[in-house]
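Read off the chains here:
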Amino acid sequence: QSILTQPPSVSAAPGQKVTISCSGSSSNIGSNYVSWYQQVPGTAPKLLIYDDDQRFSGIPDRFSGSKSGTSATLAITGLQTGDEADYYCETWDTSLPSEVFGGGTKLTVL
Amino acid sequence: QVHLVQSGAEVKKPGASVKISCRASGYTFTNYYMHWFRQAPGHGLEWMGMINPSSGRATSPQKLQGRVTLTGDTSTTTVYMELSSLRSDDTAVYYCARKFSTRYFDYWGQGALVTVSS
C-alpha cells in the first residue's frame with residue numbers, strides 16, 4: 001500500500017485532457033516538493049515535472065503540474081497515443097523519513 | 001551528457017546476496033547523491049536508499065536496514081547496491097537514479113532485473 005494515493009487508471013480520447021491526482025499528507029506533499037514521472041513498461045522512469053509545477057527540460061507544455069495543500073495534480077492536454085504509460089508522483093516524507101511514491105496511474109489513450 | 005549504466009540481470013537462490021553496480025559519467029560524481037529503487041513485476045516503485053558519493057554515507061528505509069548495503073567508488077565513479085538474504089519477493093527490476101539538489105531524480109539507470117528463485 002503506497003503512502004501517496006493515485007487512481008489506478010485514467011483514460012481519454014486523443015486530443016482530450018486528463019488529470020491524475022496524488023493525495024498525501026502534511027508530512028510529505030504538504031511540506032515537500034512533488035515530482036512526476038512517466039514510465040513506459042519495460043523502461044526506466046522519466047522525469048516530467050519537478051518542484052510541483054516545473055517542466056523538466058524537453059518536456060512539452062502539454063504536461064503541467066500543480067499542488068494545493070496535501071494533494072498534487074498532473075494534467076496532460078492534447079493527448080497522444082504516445083502518452084500511454086504509467087505515471088507516478090513522488091516526494092520526500094519527513095516523518096518516515098523516506099522517498100515515497102504513489103502507486104502509479106495507467107493512462108490509456110482510447 | 002549524463003549516463004548511468006547498470007550491471008546486467010542476475011538470477012539468485014533464496015538466501016543468497018546480489019550486488020548491482022551503477023557507473024556514472026558525464027558529471028562530477030561527488031556532487032550528487034545517488035538513490036536506488038526497485039520495482040517488482042506489476043508493481044510500483046519502492047525506495048531502497050541513498051548514498052552521498054563524496055562522504056560514502058548511506059541511508060536506507062527501516063524495512064531494509066540490515067539487508068541493504070550501499071557503497072561508492074570515486075575512482076571508478078560507480079555506486080553499488082548489495083542486498084542480502086534474498087527472498088522470492090525481492091524479485092524486481094532495480095534502478096539507480098541521480099538526485100538533483102535535494103529535489104528530483106533527473107537521470108536514471110536502465111535497470112537491472114534480479115530474479116530470486118530456487
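Residues numbered from 1 in each chain as written. Chains lettered and ligands numbered in written order. Predicted model: local features only at pLDDT ≥ 70, side-chain atom pairs only at ≥ 80, totals over all residues. Heavy atoms only, no water.

**Some remarks on the overall build of chain B**
From N to C terminus, chain B includes zero helices and 11 strands. Counted from the first residue to the last, chain B has its helices and strands arranged as β-β-β-β-β-β-β-β-β-β-β. The C-alpha atoms of chain B give a radius of gyration of 13 Å, which matches the 13 Å a tight globule of 118 residues would have. C-alpha atoms of chain B, sized along the principal axes, occupy 40 × 25 × 25 Å. Residues counted as buried form 46% of the 118 residues belonging to chain B. Here the analysis covers contacts within chain B between residues at least 6 apart in sequence; of these, 52% occur between residues at least 24 apart. With the model as given, the accessible surface of chain B reaches about 5600 Å², and the carbon-plus-sulfur share is 46%. Positive and negative charge centroids in chain B, built from 12 and 7 side chains respectively, lie 3 Å apart. (Helix = DSSP H or I, 4+ residues; strand = E, 2+ residues; numbered from the N terminus. Rg over C-alpha atoms; globule rule 2.2 N^0.38 Å. Buried < 20%, exposed > 50% of the residue type's maximum accessible area, 1.4 Å probe, protein only. Contact = heavy atoms within 4.5 Å. Areas by Shrake-Rupley, 256 points an atom, 1.4 Å probe, with all protein chains shown as cover. Lys, Arg positive; Asp, Glu negative; His and termini not counted. Charge placed at Lys NZ, Arg CZ, Asp CG, Glu CD.)

**Some thoughts on the packing of aromatic side chains**
Under the counting rule described, the total for this entry stands at 13 aromatic pairs over all chains. Between the aromatic rings of Tyr37 of chain A and Trp108 of chain B, the centroid separation amounts to 5.7 Å while the plane-to-plane angle is 70°, which identifies the pairing as edge-to-face. Of this pair, Tyr37 of chain A sits in strand β3 (residues 35–39) while Trp108 of chain B sits in strand β10 (residues 104–108), which puts the two residues in different chains. Assessed through its relative accessible area of 0%, Tyr37 of chain A is described here as buried. Taking the relative accessible area as the measure of exposure, Trp108 of chain B reaches 12% and is therefore buried. Here the aromatic rings of Tyr27 of chain B and Tyr32 of chain B are separated by 5.2 Å at their centres, their planes lie at 80°, and the arrangement is edge-to-face. Take Tyr27 of chain B and Tyr32 of chain B: they sit in the same class, and that class is buried. Members of the aromatic cluster, each reached through a chain of ring pairs, are Tyr37 and Phe101 of chain A together with Phe37, Tyr95, Phe105 and Trp108 of chain B. The ring of Tyr27 of chain B is capped by Arg98 of chain B, whose NZ or CZ atom sits 4.6 Å from the centre of that ring. Across the ring face of Tyr32 of chain B, the terminal group of Arg98 of chain B is positioned such that the distance to the ring centre comes to 3.9 Å. (Phe/Tyr/Trp six-rings, centres within 6.5 Å; stacked < 30°, edge-to-face > 60°. Lys NZ or Arg CZ within 6 Å of the ring centre and 35° of its normal.)

These figures come from the coordinates and say nothing about function on their own.
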